[in-house]
Amino acid sequence: MAVLTVEEGRILYSAHFPLMGGTAEVCFVDHRGQAGATVLMRAAVAEARRIETKFSRYRPTSVVSEINDAAGGTPVVIDDETETLLRATLELAVQTEGRFDPTVGILRRAWDFRKAVVPTDEAIEALLTQVDAREIDLRFGTVRLARAGMELDLGGVGKEYAADRVAELLKARGVESALVNLLGDVRTVGRRGDGKPWTIGVQDPRVPRRCRLTIRAKEDCGVATSGDYERGFDLDGIRYHHILDATTGRPSRGIASSTVVAPTAFEAGRLATAAFLLGPDQGLRLLETSSYVEGALITEAGDLLTTSGLARISDLSGDR
């Protein structure tokens, strides 16, 4: 755990740790000494890992694996937390007119972005028969996938939910200044210990290590980005990436990066995904009409489209 004095009696503590296949960061300002901060940091890391363990489809003991194993059979009893995430994915499916679908993860059997192979149309079409959020039966504290072979994936909302949960844990224990960064999706608490806003850089999707814009978080907020550069490959001049349009089974087109600032990381993540899948025109319109939300879309052509109020909380100059 790194330690840095920011004001007399106020220390910035930060830690990096593996999570969800990448690296996460938690930092907060506190005045209770390193021993107490160490205990608090361990609790924050444990909360992030609890959510990963509970909802990862890659863990055989997770609730998602339990639901998938029972597909086509008996409904699975779920708790309120699981139901909250499930309902969020179903709302996102409606909001994107089916482009987002929590059962689309089964298409990973055809798409392997590490091997850079484009699957055949036949392989995609065969798996698309198992993709349909309308066949998730969620009621009376249970959930059931209608047909055997269907698979649930909460990857579209889980990371952002975890960022909020960690931030709320820190706030509940008296922390007034914190930043939680889970693989690029961020939740802030208050301002930095020196009184300045937390700053979150948004990567240029086509120029590695170049910051296209910077968000200045003046108060508690969530910042989430969906980008085609995160996982994917280029082949014959075409970018193939992991954000799949569930109506086609293929990578979504039109946007290279979608960033949203909202009151929570959970809401920012949902809207960033929705805007990415809806495309430049519909996506920007969605953000403009959403309450307490600002955002920026970078098109595949490199154009920067922003909501009318984003300039108040960001530096759009780029080249950083």
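Shown above is the structure to which this text applies.
Let me sum up the structure you'll find in this document. Just so you know, the residues in each chain are numbered from 1, in the order the chain's sequence is written. At least 70 in pLDDT is required for a residue's local features to be given in this predicted model, at least 80 for side-chain atom pairs to be given and counted, and no such filter applies to totals for whole chains, interfaces and linings, which use all residues. Processing note: side-chain calculations cover all non-hydrogen atoms of the structure and skip hydrogens and water entirely.

## Let's talk about the overall build of the protein
Reasoning step 1: In terms of regular secondary structure, the protein is built from seven helices and 19 strands.
Reasoning step 2: Each radius of gyration reported is based on C-alpha atoms, and the globular scaling rule is 2.2 Å times the count of residues to the power 0.38. Radius of gyration (C-alpha) of the protein: 20 Å, near the 20 Å computed for a compact globule of 320 residues.
Reasoning step 3: Each residue gets one of three labels from its accessible area relative to the maximum for its type: buried under 20%, exposed over 50%, partly exposed in between, using a 1.4 Å probe on protein chains only. Looking at the protein residue by residue over its 320 residues, the buried ones come to 55%.
Reasoning step 4: The long-range fraction of contacts in the protein, counting pairs at least 24 apart against all pairs at least 6 apart in sequence, stands at 59%. The secondary structure listing takes helices from DSSP runs of H or I that are at least 4 residues long and strands from runs of E that are at least 2 residues long, numbered from the N terminus. Residues count as neighbours in contact if any of their non-hydrogen atoms are within 4.5 Å of one another.

## Remarks on the side chain of S258
Reasoning step 1: Structurally, the position occupied by S258 is in strand β16 (residues 255–262).
Reasoning step 2: Polar contacts, as used here, are pairs of N or O atoms within 3.5 Å; protein pairs need one atom able to donate a hydrogen and one able to accept it. Residues neighboring in sequence count only if both atoms are side-chain atoms. Among the polar contacts made by the side chain of S258, one reaches the main-chain carbonyl oxygen of A272 at a distance of 3.0 Å.
Reasoning step 3: For S258, the contacting residues outside a window of four places in its chain are A224, T225, S226, A272, A275, F276, A296 and L297.

## Let's talk about the layout of surface pockets
Reasoning step 1: Only protein atoms enter the 1 Å grid used here. Points where a 1.4 Å probe fits but cannot escape make up a cavity, open sets with protein on both sides within 12 Å along at least five of seven lines make up a pocket, and a residue lines them when an atom lies within 4 Å of a point. Grid points are joined across faces, edges and corners, and a volume is the space filled by probe spheres set on the points. Considered as a void within the structure, the largest pocket measures approximately 1100 Å³ in volume.
Reasoning step 2: Contributions of two or more residues to the lining of the largest pocket are made by α1 (34–55), α5 (158–172), β11 (221–227) and α6 (265–278).
Reasoning step 3: Of the residues assigned to the lining of the largest pocket, the class counts are twelve nonpolar, 13 polar and eleven charged. By the convention adopted, Pro, Cys, Tyr, Trp, Phe, Met, Ile, Leu, Val and Ala count as nonpolar, Lys, Arg, Asp and Glu as charged, and the other residues, Gly among them, as polar.

## Focus on the sheet that holds strand β19 (residues 314–315)
Reasoning step 1: Strand order in the open sheet formed by three strands is β9-β10-β19, and the pairing between neighbours is antiparallel. The sheet is open, and its two borders are formed by β9 (198–203) and β19, each paired with just one other strand. Two strands qualify as a pair provided that DSSP identifies no fewer than 2 bridges between them.

## Side note on the packing of aromatic side chains
Reasoning step 1: A pair of aromatic rings is counted whenever rings of Phe, Tyr or Trp (Trp by its six-membered ring) have centres within 6.5 Å, and the orientation is called stacked for planes under 30 degrees apart, edge-to-face for over 60 and tilted otherwise. This structure, assessed with the given rule, holds six aromatic pairs.
Reasoning step 2: Ring centres of F113 and F233 lie 6.1 Å apart, and the angle between their planes is 45 degrees; this geometry places the pair in the tilted category. In this pair, F113 is assigned in the loop between α3 (80–95) and α4 (121–128) and F233 in strand β12 (residues 232–235), connecting sequence segments 120 residues apart. For the pair shown, F113 and F233 are each scored as buried.
Reasoning step 3: With centroids separated by 6.0 Å and ring planes inclined at 70 degrees, the aromatic side chains of Y161 and F266 adopt a geometry described as edge-to-face. Here the residue Y161 occupies a position in helix α5, and F266 occupies one in helix α6, the gap between them amounting to 105 residues.
Reasoning step 4: Of the aromatic side chains, those joined through ring pairs into one cluster are W111, F113, F233 and Y240.
Reasoning step 5: Directly above the aromatic system of Y240 lies the positively charged group of R253, at a separation of 5.5 Å from the ring centroid. Note on geometry: a ring has a charge over it if NZ (lysine) or CZ (arginine) is within 6 Å of the ring centre and within 35 degrees of the ring normal.

## Brief notes about the sheet that holds strand β5 (residues 136–139)
Reasoning step 1: If you walk across this open sheet you meet the three strands as β4-β6-β5, and the pairing is antiparallel. Among the strands making up the open sheet, the edge pair consists of β4 (76–77) and β5.
Reasoning step 2: Of the pairings in the sheet, the one linking β5 to strand β6 (residues 142–145) comprises four bridges and is antiparallel in character. Within β6, the position partnered with L138 by the bridge is V143.

## Description of the nonpolar core
Reasoning step 1: The definition of a nonpolar core used throughout is a set of buried Ala, Val, Leu, Ile, Met, Phe, Trp, Tyr and Cys residues joined through side-chain atoms within 4.5 Å. If you look at the biggest cluster of nonpolar residues, it comprises 48 residues, and the most contacted ones within it are V26, F28 and L170.
Reasoning step 2: The element that contributes the greatest number of residues to this core is α1, accounting for nine residues.
Reasoning step 3: Beyond its immediate chain neighbours, meaning those up to four positions away, V26 contacts Y13, S14, A15, F17, M41, A44, V166, L170, L179 and V180.
Reasoning step 4: By size, the runner-up hydrophobic cluster in this structure holds 20 residues, among which are F100, A274, L286 and L297.

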